[in-house]
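# Architecture and fold: a report
Listed below are the residues making up each chain.
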Amino acid sequence: MKGIILQTGVALAILGVLVAMSAGLIWLERRLLGLWQDRYGPNRAGRLGLLQVPADMIKIFTKEDWAPPFADKPVFIAAPAVIMVTVLLSFAVIPFAPGVAVADLNIGLLFFLAMSSLSVYSIVLGGWASKNKYSLLGALRASCQMLSYEVFMGLSLMGVVMLAGSFNLRDIVEAQRDLWFCVPQFAGLIIFLVAGFAESRRLPFDLPEAENELVAGFHVEYSGMKFGMFFVGEYLGIILISALITTLFFGGWLGPVLPPVVWFFVKTFAFICWFVLIRASYYRPRYDQLLSFGWKVMLPLALLNLAITGGVVLAAGR
Amino acid sequence: MVSLLKAMWIIFLHMFRKRETILYPEQKPYIPPRWRGRIILSRDPDGAERCVACYLCAAVCPVDCIALQATQDEYGRRYPEFFRINFSRCIFCGFCEEACPTYAIQLTPDFEMCEYKRPNLVYEKEDLLISGPGKYPDYNFYHVAGLAIKGKEKGEAENETPPVDIRSLLP
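Heads up: these notes are all about the structure in this document. Model, not experiment: these values are computed from the prediction. (Residues numbered from 1 in each chain as written. Chains lettered and ligands numbered in written order. Predicted model: local features only at pLDDT ≥ 70, side-chain atom pairs only at ≥ 80, totals over all residues.)

Between its first and last C-alpha atoms helix 1 (residues 2-36) of chain A spans 49 Å; for 35 residues at 1.5 Å apiece the expected length is 51 Å, and the two agree. Where helix 1 of chain A bends most, the angle comes to about 30°, and this point is Leu25(A). Turning to helix 1 of chain A, its buried residues number three or more, namely Leu18(A), Ser22(A), Leu25(A), Trp27(A), Leu32(A), Leu35(A) and Trp36(A). Residues of helix 1 of chain A that are buried sit in contact with helix 2 (52-62), helix 3 (73-90), helix 9 (224-249) and helix 10 (260-281) of chain A together with helix 1 (2-13) of chain B. Of the residues trailing helix 1 of chain A, Asp38(A) is marked for its positive phi of about 60°. (Helix = DSSP H or I, 4+ residues; strand = E, 2+ residues; numbered from the N terminus. Expected span 1.5 Å × (residues − 1). Bend = angle between axes of the 7 residues up to and from the residue. Buried ≥ 20, exposed ≤ 12 C-beta atoms within 10 Å, placed from the backbone. Contact = placed C-beta atoms within 7 Å.)

What follows deals with the pairing of strand 3 (residues 78-86) of chain B. Residue and element names in this part refer to chain B. Bridge analysis of strand 2 (residues 66-72) against strand 3 gives seven bridges, and the strand direction is antiparallel. Each residue of the ladder has a partner; that of Leu68, found in strand 3, is Phe83. Between the antiparallel neighbours strand 2 and strand 3 lie five residues, among them Gly76 with a positive phi of about 90°. The pairing of strand 3 with strand 5 (residues 122-123) spans two bridges and is classified as antiparallel. Following the sheet pairing, Asn86 is matched in strand 5 by Val122. (Pairing = 2+ DSSP bridges.)

We now examine the nonpolar core. In this structure, Phe152(A), Ala195(A), Leu236(A), Ile239(A), Leu240(A), Ile245(A) and Leu248(A) are the most contacted members of the largest nonpolar core, which totals 81 residues. With 15 residues, helix 9 of chain A is the largest single contributor of residues to this core. By size, the runner-up hydrophobic cluster in this structure holds 20 residues, among which are Ile39(B), Leu68(B), Ala104(B) and Tyr123(B). (Core = buried A, V, L, I, M, F, W, Y, C linked by C-beta atoms within 7 Å.)

The subject of this paragraph is the interface of chain B and chain A. At the interface, 10 residues of chain B touch 11 residues of chain A. Classifying every residue of the side of chain B that touches chain A gives five nonpolar, two polar and three charged. (Nonpolar A, V, L, I, M, F, W, Y, C, P; charged D, E, K, R; others polar.)

Glancing now at the sheet that holds strand 5 of chain B. On the basis of which strands lie adjacent, the open sheet formed by three strands has the order 2-3-5 (chain B) and antiparallel pairing. Edge positions in the open sheet fall to strand 2 and strand 5 of chain B, since each of these has one partner strand only.

Here's what the structure looks like:
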């Protein structure tokens, strides 16, 4: 009984931290973008503009909950919830520190891949139910992009799985005690980074919502908290990918002196900032360039990485 | 690939650059003197109103935001009885300044004229009139025009010869 209460407490704490972080990311991203574009970003509301977060939240919560009359109502309302649920569920398998995780699944990595595939439904259904040509085009792009990039995302992670000999994220972290996987699996890291950007639909892979050609892509018709959920889902996606990079390639909670949770969050935070830096640096590729890059460059690279890692593991006799 | 990394590095270095933003209310931006902002009515170097109520500004105004009524004093000098600019309509095009034959109406580099109530943006003559000559400190319309006003008879203007008495030339 006591164990169940403790476990529930940990799960609720993780949920709270994640939602608070994704809200704080609104502020962080705007400040960082400002920093890298020679301006200040939000700096008026409160100290350093920190009250911008509560202000945005109050605004988005008190907005009218409206659905366009031509939309497919039930699907239109369900779509934003799907992305929140799937992304939050993916966090269930991430070990924040030894013992601090919602679930200790022996197929943790597969669970993450499954959940990230499911999150495509949210975008496709949202774009479909909006009955708007721009949102439909955005949804179409999203589905195609996610399907293409998920293939080698899974393949790039298999190298890590081979080295660790387990799908369990906790075992993968423990296997990095001597050497972080970013060294032997450098190619895998690069491929996973690219796939991760495409997966979280962030610039330079934000084609589903390309503002200059599709208005806002799949969420053209969304407003208020339903839009807010797409937004939070995107930020949660950034945190998820950053946390996974940390877990799979940079030793998760491992690190000297500081407590494990602190190490995990420091590393994750660094990758979140890096996500924003990428957004500030690069332009968006054309749609056909995106797909041909995925299928013609990244997929062969991932397969090559898989084959070489497999050969080395076999030769080492592990 | 190398160029991508280089681009990222350059963007990262922008962190240490000087900010381009001007923190406005605390830090005022430079505004050129010819900037078209709040409209004023100026006075002669003598201190009298320059406006002769010719209606040219009201006629040229593309949004019809200027309203005035001409009247005369006992010496025949024209001046506006009222002069009203509705700044909620004004588009600050500066046509009124160009049309004005006496440099009376002028645009200034002031733009801080927000109001909570719309009617407060309607400026009357006492709000528009300033005490000085504005951008043309030496210009005095009645001292270059031939019209007789109080204190200046015909022929007493600058570069003006006294009028010829045509009757005295009769044989």
